[in-house]
Amino acid sequence: EQLGYALFVRHKGIGNIELTPEGRAFLPIAERWKELFNESRFLSQDLGLTQRFKLGVIGSMCTYIMPSTLQSFINKHQECQFSIHQHHSSECYQYVDQGALDLALVAKEQFYKDVDSIPVFKTRFLLISKAVLSDVATVHPSKLDIKGEIRIPWSAEFDIWHDYWFGSNVQSRVNLDMMSALEYFINDISTWAIVPAYIAKDLKEKYQLHIYELQVPPPDITMF
């Protein structure tokens, strides 16, 4: 009644309820309300020594960098508590701008009037594969079979490089937007992927993968 639209519907004779389109759109707002309510309950604690941070992280950094880095930080700063949320870069900027996040680690720079973007580190791309793709430590992009690629949209610069070498209408083996699925597919002997160096080194030991330098690599990726 307060919002002026229905959030869910229940059909006659059916026990389950179903979200309306407005209800699905409202869900992220409800989650933020819930977080704010929980924070208000612990306000008296926060006035003491405890510092609480809401941190947003993109999938690749959340999986391969944050666990050890954050653990090391927490060990040195016992007074800090973190609430970690995994989002896409664009979502992180939006939530920081709205105050729903205090800090975010992202791979794409965007411009918001009240959000500072600070470069954290830059890393190169490497080629990883379960199979042997070359007798030497380098591979030229023209020698790669696109039908075996696990493609991840790392950045606009990466996409331009990719379109140049493979075309804009090619069909990769699989297109991923979830880092958790990368490890499943890369363990297949017929696949390969181009990933930032920190991911390549982690997966090499985990799955006994081969790592190659690209003779004509994509531009390095910067994390902010």
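Structure report, in brief.

So, how was this worked out
- Residues numbered from 1 in each chain as written.
- Predicted model: local features only at pLDDT ≥ 70, side-chain atom pairs only at ≥ 80, totals over all residues.
- Heavy atoms only, no water.
- Helix = DSSP H or I, 4+ residues; strand = E, 2+ residues; numbered from the N terminus.
- Pairing = 2+ DSSP bridges.
- Salt bridge = Lys/Arg side-chain N within 4 Å of Asp/Glu carboxyl O.
- Buried < 20%, exposed > 50% of the residue type's maximum accessible area, 1.4 Å probe, protein only.

Looking now at unusual backbone geometry. One non-glycine residue, Q208, lies in positive phi territory at about 55 degrees. Relative to the helices and strands, Q208 resides in the loop between α8 (197-207) and β12 (210-214).

This brings us to the sheet that holds strand β11 (residues 192-196). Across a sheet, strands are paired by hydrogen bonds formed along the backbone, either parallel or antiparallel in direction. The strand order across the open sheet formed by 6 strands is β8-β12-β7-β11-β9-β10, and the pairing between neighbours is mixed. If you trace the sheet from one side to the other, it starts and ends with β8 (138-139) and β10 (174-175), each paired once. Examined bridge by bridge, β8 and β12 share 2 bridges and lie parallel to one another. Pairing of T138 across the sheet is with E213, part of β12.

Applying the stated criterion across every chain yields a total of 4 salt bridges. The shortest N-O distance in the salt bridge between R151 and D159 comes to 3.3 Å. With relative accessibility at 14%, the residue R151 sits in the buried group. Linking K206 and E183 is a salt bridge whose minimum nitrogen-to-oxygen distance equals 2.9 Å. Here K206 is found in helix α8, whereas its partner E183 is found in helix α7 (residues 179-186), with 23 residues between them in sequence.

Function-wise, these values are silent; they only describe arrangement.
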